[in-house]
Amino acid sequence: MSLPEVLIASLLLASSSGAAIGVWSQAVATWQHGSELQKQADQLELIRLASHRWLTRHGSKHNLLLLGSDLCQLDVEAVAVVSDQNLPLPQGITRQWVVDPERLGVWQELSALNANGHVLLQRSQLVSPAAYGLCKS
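Everything in this summary refers to the structure shown in the same document. (Residues numbered from 1 in each chain as written. Predicted model: local features only at pLDDT ≥ 70, side-chain atom pairs only at ≥ 80, totals over all residues. Heavy atoms only, no water.)

**Brief notes about the overall build of the protein**
- Helix and strand counts for the protein come out as 2 helices and 3 strands.
- Its C-alpha atoms give the protein a radius of gyration of 26 Å, clearly above 14 Å, the size a compact globule of 137 residues would have.
- Accessible surface for the protein amounts to roughly 9,500 Å². Of this, 59% is attributable to carbon and sulfur atoms.
- One way to put it: in the protein the 9 positive side-chain charges average out to a point 11 Å from where the 11 negative ones average out. (Helix = DSSP H or I, 4+ residues; strand = E, 2+ residues; numbered from the N terminus. Rg over C-alpha atoms; globule rule 2.2 N^0.38 Å. Areas by Shrake-Rupley, 256 points an atom, 1.4 Å probe, with all protein chains shown as cover. Lys, Arg positive; Asp, Glu negative; His and termini not counted. Charge placed at Lys NZ, Arg CZ, Asp CG, Glu CD.)

Structure, rendered in structure tokens:
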């Protein structure tokens, strides 16, 4: 092989190796991002299940219903206070309680945030007072 052929072959080898490293680097970054999203999804699901379990076991011990209402409706502020006290959230997870438009209960909205505070994932759960045995009739 002549010197120009060796130089061309080494340039081709270097450029193809660089391209392969770039592809592998991108693949690893995508895998890491997917893995992180899966961890956060699992964490949101565990918090959702913990809320359900806590309401099932201890919900009736707290006054979570709207006072002075003939209907069995949850007091969204009372639910928020009690859940924050008994089910603290890890860093990077937020919870918001929202009244259902049809008054069926309240929605627990869980969000996983990235380092910039942008929402990556959300999970919602309708919490109905009747489902947890909070209605007296």
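**Examining the sheet that holds strand β1 (residues 93-99)**
- Overall, antiparallel pairing links the 3 strands, which are arranged β1-β2-β3 in an open sheet. Every other strand in the sheet has two partners, leaving β1 and β3 (119-127) as the edge strands with one partner each. Direction aside, neighbouring strands of the sheet carry axes that sit 20° apart on average.
- Alignment of β1 against strand β2 (residues 106-113), held across 7 bridges, turns out to be antiparallel. Within the sheet, the bridge partner assigned to I93 lies in β2 and is A112.
- In the packing of helix α1 (residues 3-58) onto the sheet, contacts are made with β1, β2 and β3, and the angle to β3 comes to roughly 20°. (Pairing = 2+ DSSP bridges. Axes fitted to C-alpha atoms, helices over the stretch in contact; angles between N-to-C directions. Contact = heavy atoms within 4.5 Å.)

**Focus: unusual backbone geometry**
- Of note, R103 is a non-glycine position whose phi angle comes to about 60°, a positive value.
- In this fold, R103 is placed in the loop between β1 and β2.
- The exposure class assigned to R103 is exposed, which follows from its relative accessible area of 52%. (Buried < 20%, exposed > 50% of the residue type's maximum accessible area, 1.4 Å probe, protein only.)

**Here's the deal with the state of the cysteines**
- A full pass over the atoms with the stated rule returns 1 disulfide.
- Two residues share a disulfide in this structure: C72 and C135, whose sulfurs sit 1.8 Å from each other. Across the S-S bond linking C72 and C135, the dihedral sits near -95°, which makes this disulfide left-handed. Taken together, the residues span a long stretch of sequence, with C72 in the loop between α1 and α2 (76-86) and C135 in the segment after β3 at a distance of 63 residues.
- Judged by its relative accessible area of 23%, C135 falls in the partly exposed class. (Disulfide = S-S within 2.5 Å.)

**Focus on α2**
- Within α2, burial applies to A78, V79, V82 and S83. The arc enclosing the buried residues of α2, seen along the axis, measures out at 125°, which places them on a common side. In α2, the exposed residues that point more than 90 degrees away from the buried face are E77 and Q85.
- Of the surrounding elements, those touching the buried residues of α2 are α1 and β1. (Arc of directions from axis to C-beta.)

**Focus on the environment of W107**
- Turning to its location among the elements, W107 is positioned in strand β2.
- Take W107: its relative accessible area is 29%, and that puts it in the partly exposed class.
- Between the C-alpha atom of W107 and that of L126, which follows or precedes it by 19 residues, the distance is 4.4 Å.
- Those residues in contact with W107, other than ones at most four positions away along the chain, are Q96, W97, V98, D100, S124, Q125 and L126.
- One polar contact links W107 to D100, side chain to side chain, over a distance of 2.7 Å. (Polar contact = N/O pair within 3.5 Å; in protein donor to acceptor, adjacent residues only side chain to side chain.)

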